[in-house]
Amino acid sequence: MGSETGTMRGGDYEIRRFRPQPASSSDYAGTEQWIEAVHYGFYQKPGRDELTARIAESSVADGRELTGAYETTPAPAPALDAGRPVATFATFRKTLNVGHGVLVPAHMVTAVTVRTDHRRRGLLRRLMSEDLARAKADGVPVAALTASEASIYRRFGYGVATHERSVSVETGPRFRLAAPVRGRVVAAEPSAMLELAPEIFARAHRAIPGSLGRQERYRLRAAGQWDDETGGPDRAVRVAVHLDEQGTPDGYAAYAFRGWETEPPTMALRDLVAATPEAYLGLWDFLGSLDLIERIDWEDAPVDDPLVWALEDPRVVRTGSVRDMLWLRILDVEAALSARRLAHGGDLVLRIHDPLGFTDGRYRLGTARVARLGDDDPAQDDLVMDIAELSSVYVGGVSPVTLAEAGRIQVGAHRPGAAAELAGMLAVERPAHCLTHF
Ligand SMILES: CC(C)(COP(=O)(O)OP(=O)(O)OC[C@H]1O[C@@H](n2cnc3c(N)ncnc32)[C@H](O)[C@@H]1OP(=O)(O)O)[C@@H](O)C(=O)NCCC(=O)NCCS
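Rules used in this analysis
- Residues numbered from 1 in each chain as written.
- Predicted model: local features only at pLDDT ≥ 70, side-chain atom pairs only at ≥ 80, totals over all residues.
- Heavy atoms only, no water.
- Helix = DSSP H or I, 4+ residues; strand = E, 2+ residues; numbered from the N terminus.
- Buried < 20%, exposed > 50% of the residue type's maximum accessible area, 1.4 Å probe, protein only.
- Contact = heavy atoms within 4.5 Å.
- Polar contact = N/O pair within 3.5 Å; in protein donor to acceptor, adjacent residues only side chain to side chain.
- Salt bridge = Lys/Arg side-chain N within 4 Å of Asp/Glu carboxyl O.
- Patch = residues over 30% accessible without salt bridge, like charges linked within 9 Å, V, L, I, M, F, W, Y side chains within 5 Å.
- Areas by Shrake-Rupley, 256 points an atom, 1.4 Å probe, with all protein chains shown as cover.
- Lys, Arg positive; Asp, Glu negative; His and termini not counted.
- Charge placed at Lys NZ, Arg CZ, Asp CG, Glu CD.
- Near = heavy atom within 4 Å.
- Nonpolar A, V, L, I, M, F, W, Y, C, P; charged D, E, K, R; others polar.
- Phe/Tyr/Trp six-rings, centres within 6.5 Å; stacked < 30°, edge-to-face > 60°.
- Lys NZ or Arg CZ within 6 Å of the ring centre and 35° of its normal.
- Axes fitted to C-alpha atoms, helices over the stretch in contact; angles between N-to-C directions.
- Parallel < 35°, antiparallel > 145°, perpendicular 65-115°, else oblique.
- Pairing = 2+ DSSP bridges.
- Domains from an automatic or database assignment.

The next point concerns the environment of A343. Here A343 is to be found in the loop between α8 (333-339) and β16 (347-353). A343 sits in the partly exposed class, given a relative accessible area of 36%. C-alpha separation for the pair A343 and L177, spaced 166 residues apart in sequence, amounts to 32 Å. Sequence-distant contacts of A343, defined by excluding residues within four places in its chain, comprise H100, G424, M425 and A427.

As structure tokens, then:
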């Protein structure tokens, strides 16, 4: 694919963009070096050939584009091999549910690393700015990522759009749902997930605002064919499938026993995808009844969780941590807002500031359409915000009222209720949640 060179603070770099190659390809070395660089950046063990080969294979399946920054004048020995990039960046495209079942194209950014001996020279800024400009030129309305640290990405226009929480659920006699569940749950062969997991996820994806399309790895994990440590089979995984009253699968849980040395005996829930509220509660009812098990741990639980309200004793659910999960970055305000089905009528003028200049401007958000306003248009600005804030409220994960109270959105004195009006217009049909880590 592309290659370009440039001098940056403290060094000369060549930026190469390419498609990953499988281990069987004669061009595999570049892909392998790039994956090793990502492992290095996240302090993972190097040289796990099988894992690297599987990552390459799944990257091909995801249609990823890999970007690497390479030193044009490599440092002398004993510096690391110059064929290995000093910075990595990967992207792929899926869809984002923006509420009411509407899916829009999303540009997903991942594997962002800059090697310690090349940090703070502007590599991330360059890779991110150039990449977002390319996604915008392609007409993709929104970019997405998950962040290792919360202080990095706002400067590029990203805002937190959904949160998640880790829970530990006590499954002894106190675990009882208040109402009977519908449908039934069957223990299933993990290999059935190769086909079933994507089908069930596709339904859940249309049902949950904030949901992002998933990469290949998810179905392999649920099928017990992807161990995160080795890339090999994962024999610990067990699967339960929820069938609706007609016998159609509409949810699954993939889980693994933590071992008898863990006290109390605990199942780690690896993945729970439910296309309907009935499937969600049905799967929890099943998990809550696993013999010999006293606790279920889940890292990806929704913050606004029906399980808590469905239980006779909601205190069996203990929250560990609540974390920012999905970060969004609107690249085209007119396209992004036009795609939103507005829950309420209204007419608001938004002034948007953009640190990278992609979306700076004034926009009128009305029931019929979204329009860009000229600077000479006499309409007053009702709300003023950075693109990060518009991105945060985009799928309903936080209210504009909260962001106004936080001082992140300025409300025009002539229109004191404008943040609440925007909240009403952008309301989604159910709480936003994203089950896709990438
Ligand atoms: C985070 C990381 C990619 C930054 O790369 P970098 O090339 O050093 O960043 P840059 O020099 O381009 O800096 C860009 C801006 O981000 C800021 N920044 C960089 N890393 C930061 C951090 N960890 N926390 C807060 N701000 C950070 C810089 O101060 C700079 O700000 P400015 O341009 O507004 O002055 C790099 O430190 C890294 O690889 N960390 C380990 C892996 C990781 O955390 N990756 C993120 C995965 S989501």
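Mapped onto the secondary structure, R329 falls in strand β15 (residues 327-330). Exposure remark for R329: the relative accessible area of 0% places this residue in the buried category. Among the polar contacts listed, one links the side chain of R329 to the side chain of D354, at a separation of 2.6 Å.

Attention now goes to the pattern of salt bridges. All told, the structure shown has 28 salt bridges when counted by the stated rule. Linking R154 and E389 is a salt bridge whose minimum nitrogen-to-oxygen distance equals 2.4 Å. Of this pair, R154 sits in the loop between β6 (142-145) and β7 (159-160) while E389 sits in helix α9 (residues 387-393), and the two are 235 residues apart along the sequence. Residue R154 is classed as partly exposed on the basis of its relative accessible area of 26%. Measuring nitrogen to oxygen at the nearest pair gives 2.6 Å for the salt bridge that ties R270 to D234. Remark: D234 occurs in the loop between α5 (217-222) and β10 (238-243) and R270 occurs in strand β12 (residues 266-274); sequence separation between them is 36 residues. Classification of D234 as buried rests on a relative accessible area of 10%. Within this structure, E170, R174, D313 and R318 form a network of salt bridges that share partners.

Turning to a positive patch on the surface, a few remarks are in order. A cluster of basic residues, R119, R120, R125 and R155, forms a positive patch at the surface. By secondary structure assignment, the location of R125 is in helix α3 (residues 123-137). R125 gets classed as partly exposed once you look at its relative accessible area, which sits at 40%.

It is worth spelling out the site of the ligand at this point. Taken together, the neighbourhood of the ligand is formed by 19 residues, with V112, V114, R120, R125 and S148 sitting nearest. One nitrogen or oxygen atom from the main chain of R121 is found 3.3 Å from an oxygen atom belonging to the ligand. Backbone polar atom of R125 to an oxygen atom of the ligand: 2.8 Å apart, as the coordinates give it. Protein contacts shield 79% of the accessible area of the ligand, which totals 890 Å² for the unbound molecule. Counting residues per element, the ones that place at least two in the shell around the ligand are β5 (103-114) and α3. Within the shell around the ligand, the residues separate by chemical class into 8 nonpolar, 5 polar and 6 charged.

The next thing to look at is the packing of aromatic side chains. Ring pairs (aromatic) are described by centroid distance and by the angle formed between their planes. Under the criterion given, the structure shown has 4 aromatic pairs. Here F92 and F438 contribute two aromatic rings whose centre-to-centre distance is 6.3 Å and whose plane-to-plane angle is 85°, an arrangement assigned as edge-to-face. In this pair, F92 is assigned in strand β4 (residues 87-97) and F438 in the segment after α11 (418-425), connecting sequence segments 346 residues apart. The two residues F92 and F438 agree in class, both being buried. Above the face of the Y218 ring, R214 is positioned so that its terminal group lies 3.7 Å from the ring centre. Here R221 stacks its cationic end above the ring of Y218, 5.5 Å away from the centre of that ring.

All right, on to α11 then. For α11, every residue scored as buried is listed here: A418, A419, L422, G424 and M425. Of the surrounding elements, those touching the buried residues of α11 are β16, β17 (361-366), β19 (383-386), α10 (400-405) and β20 (409-411).

Take the packing of helix α1 (residues 28-41) against helix α2 (residues 49-62) next. Running from amino to carboxyl end, α1 crosses α2 at an angle of 110°, the nearest separation of the two axes being 10 Å. Classified by the angle their axes make, α1 and α2 are roughly perpendicular. Counting all contacts with α1, which are made through Y28, T31, E32, I35, E36 and H39, the residues of α2 involved are D49, L51, T52, A53, I55 and A56. Residues of the contact of α1 with α2, tallied by class, amount to 6 nonpolar, 3 polar and 3 charged.

Now for the sheet that holds β20. Strand order in the open sheet formed by 5 strands is β18-β17-β16-β19-β20, and the pairing between neighbours is mixed. Strands with a single pairing partner mark the edges of an open sheet, and in this sheet they are β18 (370-373) and β20. Each neighbouring strand pair of the sheet contributes to a mean axis angle of 25°, computed without reference to strand direction. Sitting on the sheet, α11 is in contact with β16, β17, β19 and β20, with an inclination near 100° to β16.

With that settled, the discussion passes to the domain arrangement of the protein. Segmentation of the protein into domains returns domain 1 (6-140), domain 2 (164-323) and domain 3 (333-425). Averaged C-alpha coordinates put domain 2 and domain 3 at centres separated by 37 Å.

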